Amino acid sequence: QGQLVESGGGLVHTGESLRLSCAASGSITAMGWYRQAPGKQRELVATFISGAITNYADSVKGRFTISRDNAQNTLYLQMNSLKPEDTAVYYCHARAVSSLGYVHDYWGQGTQVTVSS
C-alpha cells in the first residue's frame, strides 16, 4: 500500500527553474520521474537505478537533477534552464514487488509544468 503526491509545478518563462517534490506515504519509495506532453506518450525523465546511480533522458541531461530525502520520504526533481518543450504533466513513480513476485506500479496525480517562450 502507498500513495504518491506531486507538487511544485507552475508557469515559468524560458530559462527559469522549478523544483518538483513527490511525497510518498506507506511502504513504497518513489524512484523516478516521468512526464507526458499533449499528444505525446508518457516518457521517462529521470530515475534512480541503484543507490545513488541515476539515469536521465537525453533531453534533460545537464539541466535536471533527481534527488531524494529518505528522512522525509520525498523525491525531488530540480529543473533548471527550462524550455518550452519541457511543458508537460510530471508524474512520480514507484514500483513494488511482493514476496510472491507480483509487480505493482504506483503513480502520483501529476503536477503541471508550463514553460512559456
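Look up a bit, the structure's there.
The rules behind these values
- Residues numbered from 1 in each chain as written.
- Predicted model: local features only at pLDDT ≥ 70, side-chain atom pairs only at ≥ 80, totals over all residues.
- Heavy atoms only, no water.
- Pairing = 2+ DSSP bridges.
- Helix = DSSP H or I, 4+ residues; strand = E, 2+ residues; numbered from the N terminus.
- Axes fitted to C-alpha atoms, helices over the stretch in contact; angles between N-to-C directions.
- Contact = heavy atoms within 4.5 Å.
- Salt bridge = Lys/Arg side-chain N within 4 Å of Asp/Glu carboxyl O.
- Buried < 20%, exposed > 50% of the residue type's maximum accessible area, 1.4 Å probe, protein only.
- Disulfide = S-S within 2.5 Å.

A. Highlighting the sheet that holds strand β1 (residues 2-7). Across the sheet, which stays open at both edges, the 4 strands sit in the order β1-β3-β8-β7 with antiparallel pairing between neighbours. Each of the sheet's edge strands pairs with one partner strand only, and the pair in question is β1 and β7 (64-69). Pairs of neighbouring strands in the sheet enclose a mean axial angle of 15°, with direction left out of account. Bridge count for strand β3 (residues 18-26) against strand β8 (residues 74-79) is 6 bridges, and the pairing is antiparallel. The residue of β8 that forms the bridge with leucine 20 is leucine 77.

B. Examining the environment of threonine 54 more closely. Among the secondary structure elements, threonine 54 is positioned in strand β6 (residues 53-56). C-alpha of threonine 54 to C-alpha of glycine 8: the two residues are 46 residues apart in sequence and 21 Å apart in space. With residues near it in sequence (within four places) discarded, threonine 54 still touches Thr47, Phe48, Ile49 and Ile66.

C. Highlighting the pattern of salt bridges. Going through the model one piece at a time under the given rule, you end up with 5 salt bridges. For lysine 61, the salt bridge goes to aspartate 58, with nearest N and O atoms at 3.0 Å. We classify lysine 61 as partly exposed; its relative accessible area is 48%. Relative accessible area serves as the criterion here: at 65%, aspartate 58 is assigned to the exposed category. Among the charged side chains, a network of salt bridges with common partners joins Arg35, Glu43, Arg63 and Asp86.

D. Geometry of the state of the cysteines. In this structure the tally under the stated criterion is 1 disulfide. Disulfide pairing is shown between cysteine 22 and cysteine 92; the S-S distance is 2.0 Å. Note on the cysteine 22 and cysteine 92 pair: the S-S dihedral is about 55°, so by sign convention the disulfide is right-handed. Linking cysteine 22 in strand β3 with cysteine 92 in strand β9 (residues 88-97), this pair joins segments that are 70 residues apart in sequence. When its relative accessible area of 0% is taken as the criterion, cysteine 22 is described as buried. Residue class for cysteine 92 comes out buried when judged on its relative accessible area of 0%.

These values are about where atoms sit, not about what they do.
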